[in-house]
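Listed here are the chains, written in short residue letters.
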Amino acid sequence: MSGEVLTADGRARVKEGGLSTNWVLEHDSAMQLALAGDRIGLVRADGEALVKEGGLSATWVTENTGVIDIALSSGVD
């Protein structure tokens, strides 16, 4: 991944590639967004923590609920 942005209205957008590539809407109800390697994580407004690994179209996996903060590692030792 090359960039991330979280808008004031909760839209999580990520871009992959150069600066001129288009933003991809990843979620529309996020409070926090994190990137690490090929992982994207976010905390939704309802406290659900979601993570996906791989490309931008990968499936979200619920990691936990009642969450207020998220941090990711790249998964590479």
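Here the structure is shown first, and the text comes after it.
Residues numbered from 1 in each chain as written. Predicted model: local features only at pLDDT ≥ 70, side-chain atom pairs only at ≥ 80, totals over all residues. Heavy atoms only, no water.

1. Side note on the pattern of salt bridges
- Tallying each qualifying case throughout the model produces 5 salt bridges.
- When the shortest N-O distance is used, the salt bridge between Glu26 and Lys52 registers 2.6 Å. Of the two residues, Glu26 is situated in strand β3 (residues 24–27) and Lys52 in strand β6 (residues 49–53); the sequence distance between them amounts to 26 residues. One exposure class covers both Glu26 and Lys52, and it is buried.
- Arg44 is paired through a salt bridge with Asp46; the nearest N and O atoms lie 2.6 Å apart.
- For Arg44, a relative accessible area of 23% corresponds to the partly exposed category.
- Asp46 gets classed as exposed once you look at its relative accessible area, which sits at 51%. (Salt bridge = Lys/Arg side-chain N within 4 Å of Asp/Glu carboxyl O. Helix = DSSP H or I, 4+ residues; strand = E, 2+ residues; numbered from the N terminus. Buried < 20%, exposed > 50% of the residue type's maximum accessible area, 1.4 Å probe, protein only.)

2. Some words on the environment of Gly41
- Here Gly41 shows up in strand β5 (residues 39–44).
- In the structure, Gly41 is positioned 26 residues away from Val67 in sequence and 12 Å away in space, judged by C-alpha atoms.
- Setting aside its immediate chain neighbours within four residues, Gly41 contacts Gln32, Leu33, Ala34, Leu50, Val51, Trp60, Ile70 and Leu72. (Contact = heavy atoms within 4.5 Å.)

3. Quick look at the sheet that holds β5
- Read from one edge to the other, the open sheet built from 4 strands follows the order β4-β5-β6-β7, with strand pairing classed as antiparallel. Each of the sheet's edge strands pairs with one partner strand only, and the pair in question is β4 (30–36) and β7 (61–64). Here the strands of the sheet are splayed against their neighbours by 25 degrees on average, with no regard to which way each runs.
- One ladder, built from 3 bridges, connects β6 with β7; its direction is antiparallel. From the neighbouring strand, Leu50 faces β7, where its bridge partner is Thr62. (Pairing = 2+ DSSP bridges. Axes fitted to C-alpha atoms, helices over the stretch in contact; angles between N-to-C directions.)

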